[in-house]
Amino acid sequence: MKKSYKLLFVCLGNICRSPAAEGVMRRVVADEGLSDRVEIDSAGTYGGHRGQLPDPRMRSAASARGLNLTHRSRQITEGDFLEFDRIVVMDDMNYENVFCLSPTRETDLKIFRMRDYFTRFPDWSYVPDPYYEGHEGFELVLDMLEDACHTLLQEIKPLL
């Protein structure tokens, strides 16, 4: 049996949505006692924020929910397609960008949309970028990620 299942969350700059998804998923996995079975990371399709912490507004909103976002931004690499079991993107633009970077048809099958795991947000087809929004935008994103991460964990549990 494999040592762990590896998840990679991807958004544009890796400073709002994907590091928040990483933080939320870490807590969801820990709450189920599965931290030793699931590895979680995040990346962006754009590398301009490389090395930066998540946006301060996202860190603040996450902190209010007991999440400490300490990930440093990085750009997705071709090696990520080989290392990770599932790559989950936040919107269609990033899905297309990630799909174009995928090196093989086999790795294409690892790419999923976060919307596939929504249960409480049926009218949403993506996780909106809160970067240009107010506080409510960051809260909405966290609500969506909490919903989706619970569903995602239930889907991968049989694979652990």
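A short tour of the structure in this document, coming up. (Residues numbered from 1 in each chain as written. Predicted model: local features only at pLDDT ≥ 70, side-chain atom pairs only at ≥ 80, totals over all residues. Heavy atoms only, no water.)

1. What to know about the packing of helix 2 (residues 56-63) against helix 6 (residues 135-156)
And then number 1: Where helix 2 contacts helix 6, the two axes come as close as 10 Å, and the packing angle between them is 60 degrees. Here helix 2 is positioned oblique relative to helix 6, judged by the angle of their axes. Seen along the crossing, helix 2 lies across helix 6 with a hand that is right-handed. Here R57, M58, A61 and A62 of helix 2 lie close against helix 6, whose contacting residues are H135, F138, E139, V141 and L142.
And then number 2: In the contact of helix 2 with helix 6, the residues fall into six nonpolar, one polar and two charged. (Axes fitted to C-alpha atoms, helices over the stretch in contact; angles between N-to-C directions. Helix = DSSP H or I, 4+ residues; strand = E, 2+ residues; numbered from the N terminus. Parallel < 35°, antiparallel > 145°, perpendicular 65-115°, else oblique. Left-handed = near helix turned anticlockwise from the far one by under 90°. Contact = heavy atoms within 4.5 Å. Nonpolar A, V, L, I, M, F, W, Y, C, P; charged D, E, K, R; others polar.)

2. Overview of the sheet that holds strand 4 (residues 111-113)
And then number 1: The four strands are arranged 2-1-3-4 in an open sheet whose pairing can be described as parallel. Single-partner strands in this sheet number two, and they are strand 2 (38-44) and strand 4. Strand-to-strand twist of the sheet, defined as the mean angle between neighbouring strand axes without regard to direction, takes the value 25 degrees.
And then number 2: Here strand 1 (residues 5-11) runs beside strand 2; their pairing, made up of seven bridges, is parallel. Among the inter-strand pairings, V10 is bridged to a residue of strand 2, identified as A43.
And then number 3: Sheet contacts for helix 4 (residues 92-101): strand 1, strand 3 (86-89) and strand 4; angle to strand 4, the most-contacted strand, approximately 175 degrees. (Pairing = 2+ DSSP bridges.)

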